[in-house]
Amino acid sequence: MAKSSADDEELRRACEAAIEGTKQNVIMSIRVAKSHGIWGKGAKLGRGQMAKPRVLAISTKAKAQRTKAFLRVLKYSNGGVLEHAKLYKLKHLSKVEVVTNDPSGCTFMLGFDNLRSQSVAPPQWTMRNVDDRNRLLLCILNICKDVLGHLPKIVGIDVVEMALWAKENTPNMPKKQVDLQDGPVKDAIAEGDMKVTVERELVSQAEEEDMEALLDTYVMGISEAEAFSERLKRELQALEAANVHVILENEPLVDEVLQGLEIATNCVEDMDEWLGIFNVKLRHMREDIESIETRNNKLEMHSVNNKSLVDELDKLLERLYIPSEYAACLTGGSFDELHMHQNIDACEWLTEALQNLEVPSIERCYAYMRSVKEKWAELDRLKNTFAKRASEFLRNYFASLVDFMISDKSYFSQRGQLKRPDHADMRFKCRTYARLLQHLKNLDKNYMDSLRKAYCSSLNLLLRKEAREFANELRTSTKASRNPISWLEGPIGPNQTVNNADTSTVAEAYGKMLTVFIPLLVDESSFFAHFMCFEGLANGNKTEHDDHDLGIEDIDDNISKDVKNPSDLEALNESLHDLLDGIQEDFYAVVDWAYKIDPLRCISMHGITERYISGQKADAAGYVRILLDDLENRISLQFSRFVDEACHHIERNERNLRQAGVLSFIPRFAIIATRMEQYIQGQSRDLVDQAYAKLVTIMFVTLDKVAQADSKYEDIVLLENYAAFQNSLYDLANVVPTLAKFYHQASESYEQACTRYVSTIIYTQFERLFQFARRIEDLMYTIAPEEIPYQMGVSKVDLQKVVKSSLSGVDKSISTMYKKLQKNLASEELLPSLWEKCKKEFLDKYDSFAQLVAKIYPGKTIPSVSEMRDLLASM
């Protein structure tokens, strides 16, 4: 017993060490034999698996106003040291229950009300013996009553037995220091105290009242528990003896029951044998029924399959059936307008029939059937026969339609009457066969190429004849000068001008040609693209001839395919080339005719062509745009030819003898430029600016060469011609940027020529004076100014001689300069400005000479600059 107490004390100290730092006092500690349930979140024990042995410790913790009590679960670590595992607050203890399936009674379970809302099983332990269980539970109940003020519900525990145990084991209870709310107090659990504890703490008030009522029936008090227990044992023995006596008295009845049971057993065995026989028979019957049902199901399946097969065959036969009226129409029907509806219906049926015999419209297994293949081959022969007949008819129809129009002269322009081409009747007749062409394309595309070529060939003849007759009559009926205007030949004098004949009718005639035929060609291109089934490419340029007008509005969308791809675009361009090829020659003829009458009218025609080019952007009018581009190139080529001829004419002046005055091409260019500006239209500015650049460049180069032919008069030729260029182009240079650039270039060249010529005149008349000044300037680079008067040739005596010889008759010398200017200049209007430049230049030079004399020869007097200025002003 002393050893047990020592072990308990050692265990208690170990528990206190484990919870050291929590400020809690250990009241009791005890080892557990087995522990069940969940230890730690997510650590569930498997079936039949027990947790490692644990130690249960009851501890309290004093607060300012209340005391808390805890049930701690401790476990041994790998090093054999106790450590904290689980903590329960005893204030939440609601039930104490002994597990009934443990016959030893050592397993109990504690129910905590704060675990009800969690998926955690109530903690359950198995103690080493009943004594350990009672010790732990009594300690828990005492603390709940004294410290926490409530008792949990007790289930499965004999309170009387527990009270007797407490009475017998009171001396063995250890004495402890209990840290309650009022402070540490020594409590030795004595026998009387334990009795009171058991009576007061293990029994609730209601249970105590029920127990007293029970004891009153036996005329005993609640304190006579041992006598009450002995009396209950004696009554139990008496009841058991009475039960045995009753059983022995009822033995005959038991024998009769046993005999009845034996008879019933025999009957059951007989019934079991019969049931076995019936079961065998029923099994055979069930097998027969299953066999019958299987055969019946097969028959039903065969019946359903046969019915489905018949239905499928009927549908297939419907696809394979060729109506006689369609076959007759496809093989030998008429293509007259009255019979076109029949042909269209036959085409629609044939197209649908061919599609119905091809995958995926028909299942692949049917497509390989011999009957389907044979019927498809028959339909293909019908398709080829019909396509061949239809294409041959349409080729002949197109040719006959155009031949009829060509043979009727009323369709074309005649002498004195310009006839605008009208293809409305022809298109109306062609629309009758638009749907036929659409179906023919869907049946066999290969026939479309020949049909398109036949249509283009026939219509090309008609268009070319219409354009030729219209162009011939247009040239004949246009009132224009019979003598072509020559812009490069003939004299050009002050009172002479180039022929001012009005040639606007030439440009109007060209514009009329485009006005009539360009819309016609665009309409024909668009109509051809729709009529010949270029749907995807013609959608962007629908004019008056849309699908509804062509009569193909109700064709199945699945039949009409989008052909917007490079190969079809190339095919359309080739067809449009065949349709319109050759018609450009008649346009070229009008351009060449207009050029011969007035080459500058190429500018007007170029602008008219540009306006039409900007309006043609659709794919269907692609060739029309090419035609307009070719016309523009032809006009540009003709105009470039005129510009080249003008350049050659200008360059011929270079080979002539010395020419005085203004060269002929200067005023002639001014006249041409003025007329060109009058003719500019649309985008022709680039064309004219290029011509300006080329002509003026040649003019300036030729002028330099002509001037260099005689160096004596070089500057005179240059200044006179540059001045004439500026005077004649002053108004145009203000509005034309290109001419403004050349105007400024001519102005700079004129100023340079004037400066050179004036310097030459002055230097010639006062050569000794300015040569003496130049020698002085040269010496100043090497000799000090005060030493120059002592040099040979520049002494004061030499200066006096030069001044006397040059300035003694200065008025006569100045008059001589003026006469030379007047004699050499052919343009009298230039003389005043040039004489002013000459006087200004002379005064500048003389001022420089006077400053040199004052610096080098101080004290020497010469005529002053002011005297010279007054003299020049009087001249």
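As a convention, each chain's residues are numbered from 1 in the sequence order in which they are written. Under the rules for a predicted model, residues below a pLDDT of 70 receive no local features and side-chain atom pairs below 80 are neither given nor counted, while totals for whole chains, interfaces and linings still include all residues. Here the side-chain values reflect all heavy atoms present in the structure, with hydrogen atoms and water set aside.

1. Section: the confidence of the model for the chain
How we decide: Per-residue confidence from the predictor is reported as pLDDT, a score between 0 and 100. Strands here are runs of E lasting at least two residues and helices are runs of H or I lasting at least four, both read from the DSSP assignment and numbered beginning at the N terminus. Throughout, a residue-residue contact means that at least one pair of heavy atoms, one from each residue, lies within 4.5 Å.
Taken as a whole, the chain shows an average pLDDT of 77; of its residues, 81% reach a score of 70 or greater. Confidence, expressed as mean pLDDT per element, reaches its minimum in the chain at strand β11 (residues 183–187) with 37 and its maximum at helix α19 (residues 584–597) with 90. Considering only residues more than four positions removed or in separate chains, one finds that residues 38–50, a stretch of pLDDT under 50, has 18 contacts. Every residue in residues 537–563 is under pLDDT 50, and counting partners more than four places away or in other chains gives 56 contacts.

2. What to know about helix α15 (residues 504–531)
The cut-off we apply is this: Given the number of residues in a helix, its expected span is that number minus one, multiplied by 1.5 Å. Partly exposed describes any residue whose relative accessible area lies between the buried limit of under 20% and the exposed limit of over 50%, with all areas from a 1.4 Å probe on protein chains only and scaled to the type maximum.
For α15, built from 28 residues, the straight-helix expectation of 40 Å at 1.5 Å per residue is met to within 8% by its first-to-last C-alpha distance of 40 Å. For α15, a buried count of 22 out of 28 residues is recorded, marking the element as mostly surrounded by other parts of the structure. Looking one or two residues beyond α15, the residue adopting positive phi is C533, at roughly 65°.

3. Points about the packing of helix α22 (residues 665–679) against helix α23 (residues 685–708)
Put simply, the test is: Under this scheme, a helix contributes an axis fitted over its contacting stretch, all axes are lines through C-alpha atoms, and angles between N-to-C directions fall in the 0 to 180 degree range. Should an angle fall under 35 degrees it is taken as roughly parallel, and over 145 as roughly antiparallel, whereas 65 to 115 is taken as roughly perpendicular and any remaining angle as oblique. Gly falls in the polar group here, along with every residue not listed as nonpolar (Ala, Val, Leu, Ile, Met, Phe, Trp, Tyr, Cys, Pro) or charged (Asp, Glu, Lys, Arg).
At their nearest, the axes of α22 and α23 sit 12 Å apart, and the two run at 175° to each other. Here α23 runs roughly antiparallel to α22, going by the angle between their axes. Residues F665, I666, F669, A673, M676 and E677 of α22 lie in contact with α23, whose contacting residues are R685, V688, A691, Y692, L695, V696, M699, T702 and L703. Grouping the constituent residues of the contact of α22 with α23 by class yields 12 nonpolar, 1 polar and 2 charged.

4. A short note on helix α31 (residues 865–874)
The criterion, for reference: What the arc covers is the set of directions going from the helix axis to the C-beta atoms.
Listed as buried for α31 are V865, M868 and L872. Along α31, the residues classed as buried sweep out an arc of 60° about the axis, all on the same side. Away from its buried face by more than 90 degrees, α31 exposes D870, A873 and S874. Its buried side turned inward, α31 meets α28 (796–807), α29 (810–824) and α30 (831–856).

5. Quick word on a positive patch on the surface
Here is the rule: Without a salt bridge and with relative accessible area above 30%, a residue can belong to a patch; like charges are then joined within 9 Å and nonpolar side chains (Val, Leu, Ile, Met, Phe, Trp, Tyr) within 5 Å. All accessibility values rest on the Shrake-Rupley procedure with a 1.4 Å probe; residue burial counts only the protein chains present in the view. For this document, the term salt bridge refers to a Lys or Arg side-chain nitrogen within 4 Å of an Asp or Glu carboxyl oxygen. Under the counting rule used here, the positive set is Lys and Arg, the negative set is Asp and Glu, and His together with the chain ends is not counted. Each charge is placed at NZ for Lys, CZ for Arg, CG for Asp and CD for Glu.
The grouping of K63, R66, K89 and K91 at the surface amounts to a positive patch. Position of K89 among the secondary structure elements: in strand β5 (residues 82–89). Note on K89: relative accessible area 37%, which makes it partly exposed.

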